[in-house]
Amino acid sequence: MRCTQCGNKFTMLEVPVEERIYGKFSAQFKCPSCKCWLQAGKRFKFLSMLGLTLMAFCAVTATLNSLGFASVDKAILFLLGGAGVTFFTLSLVNMKMELVE
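Residues numbered from 1 in each chain as written. Predicted model: local features only at pLDDT ≥ 70, side-chain atom pairs only at ≥ 80, totals over all residues. Heavy atoms only, no water.

### Regarding the nonpolar core
- Cys-3, Phe-10, Val-15, Phe-29, Cys-31, Cys-36, Leu-38, Ala-40, Phe-44 and Met-97 together form the largest nonpolar core, which totals 10 residues.
- The contacts of Cys-31, once residues within four sequence positions are left out, are Cys-3, Cys-6, Asn-8, Phe-10, Cys-36 and Leu-38. (Core = buried A, V, L, I, M, F, W, Y, C linked by side-chain atoms within 4.5 Å. Buried < 20%, exposed > 50% of the residue type's maximum accessible area, 1.4 Å probe, protein only. Contact = heavy atoms within 4.5 Å.)

### As for the packing of helix α1 (residues 42-67) against helix α2 (residues 74-93)
- Close contact between α1 and α2 brings their axes to 7 Å; oriented N to C, the two are set at 155 degrees. Overall, the two elements α1 and α2 adopt an arrangement that is roughly antiparallel. Classified by chirality, the crossing of α2 by α1 is left-handed.
- Taken together, the residues of the contact of α1 with α2 break down into 16 nonpolar, 7 polar and 1 charged. (Axes fitted to C-alpha atoms, helices over the stretch in contact; angles between N-to-C directions. Helix = DSSP H or I, 4+ residues; strand = E, 2+ residues; numbered from the N terminus. Parallel < 35°, antiparallel > 145°, perpendicular 65-115°, else oblique. Left-handed = near helix turned anticlockwise from the far one by under 90°. Nonpolar A, V, L, I, M, F, W, Y, C, P; charged D, E, K, R; others polar.)

### Quick notes on the state of the cysteines
- According to the stated counting rule, one finds 0 disulfides in the structure shown.
- Free cysteine Cys-6: the closest other cysteine sulfur is in Cys-3, separated by 3.7 Å.
- For Cys-6, a relative accessible area of 39% corresponds to the partly exposed category. (Disulfide = S-S within 2.5 Å.)

Right, here's the structure in full:
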């Protein structure tokens, strides 16, 4: 990750646990060098939630399909599941930090 204030590159392993605040869908943490508070951007939150939702929907639908409660084409499930994995991966690769105000 890169701090938007000072430009320092760091990983979450470098941030002490005492300098993190976890919420329901995101975490806020201090930059190790300039000590400003950062959090993930809105695009990260949106893409990761979209990806996780698509993967969960495919898992539930595939389970219902295998138990005989639903009749869904497997190609559609693979397509939606692949899209979910793609969105989740893109959210991790393109993670942008923003300052907490």
